[in-house]
Amino acid sequence: MLFRSGCVKVAIVVFPGTNCDQDMQHVYGRLLKEETFPVWHREKDLKGADVVVLPGGFSYGDYLRTGALAKLSPVMEAVRAHAEAGGKVIGICNGFQILCESGLLPGVLLENVGRRFLSRFVNIRVESTASFFTSGMTAGDVVTCPIAHFQGNYFAEPAVLDELEKRGQVVFRYCDADGNVRPNDREVNVNGSCRAIAGISSRAGNVVGLMPHRSEEHTSE
């Protein structure tokens, strides 16, 4: 479900180039009935938010590297402090890239294999329900959702990947419709991510990043 409903305040961070903030307001505000509000990237006050969302888009036009400039925005000081205090943070697509650039999640998002922008539906399998955002899901479930990115190829050194696996921090993997994971199959692992990883969490499980966007029809209560 990527979120546990329950009368919480949701801050949606908006950077120059963010284009999915209204999608997040629709999902968390209208569908999940939570209190949502935007926080401009120049602000340092998260206004008492319980959950912080870094939405998709092209922050700062993706100059230099995706998320490399966004991590320097004043708001990220507050986001980092919020996460380190145990606050809940989720980054989707560009938000995932920003979380990795900021060091709140390990690894980096590289250019897709084939160096092509990908905009299509994919299947992802739920790998772990240990994180806050996946605790209402069932391990092994397959979710169909869209992607829209040029730099969605998740990479980390083997030792980091092993640690993520060991600690149950891999929360989603790209798979086929039957839930089979085939990292070398470009029809399944479309961007070439290491071990077909589509999303990960922090060690504490309070920070989650994923490249695929969430479809309305798959949003749970």
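Residues numbered from 1 in each chain as written. Predicted model: local features only at pLDDT ≥ 70, side-chain atom pairs only at ≥ 80, totals over all residues. Heavy atoms only, no water.

## Side note on the confidence of the model for the chain
- On average, the chain scores 92 in pLDDT, and the residues at 70 or more come to 94%.
- Here residues 215–221 is a poorly scored stretch, pLDDT under 50, and it has 16 contacts once near neighbours within four places are set aside; other chains count. (pLDDT = per-residue confidence, 0-100. Contact = heavy atoms within 4.5 Å.)

## Things to note about the state of the cysteines
- Within this structure, the stated rule accounts for zero disulfides.
- No disulfide involves Cys20; its sulfur sits 6.9 Å from the nearest other cysteine sulfur, which is in Cys93.
- On the basis of relative accessibility, which here comes to 10%, the residue Cys20 falls in the buried class.
- Cys175 takes part in no disulfide bond, and the closest cysteine sulfur, belonging to Cys145, lies 9.3 Å away.
- We classify Cys175 as buried; its relative accessible area is 3%. (Disulfide = S-S within 2.5 Å. Buried < 20%, exposed > 50% of the residue type's maximum accessible area, 1.4 Å probe, protein only.)

## Details of unusual backbone geometry
- Although it is not a glycine, Lys47 adopts a positive phi angle of roughly 55°.
- Structurally, Lys47 can be placed in the loop between strand S2 (35–40) and strand S3 (51–54).
- On the basis of relative accessible area, Lys47 is assigned to the partly exposed category, the value being 35%.
- At Arg195, a position not held by glycine, the phi torsion is positive, near 55°. (Helix = DSSP H or I, 4+ residues; strand = E, 2+ residues; numbered from the N terminus.)

## Overview of the nonpolar core
- Ranked by internal contacts, the top residues of the largest apolar core, which has 63 residues, are Val52, Val79 and Tyr154.
- Among the elements that take part in this core, helix H2 (residues 75–84) stands out by supplying five residues, more than any other.
- Non-local contacts of Val52, meaning those with residues more than four positions away in its chain, are made with Ala11, Val13, Leu46, Val79, His82, Lys88, Val89 and Ile90. (Core = buried A, V, L, I, M, F, W, Y, C linked by side-chain atoms within 4.5 Å.)

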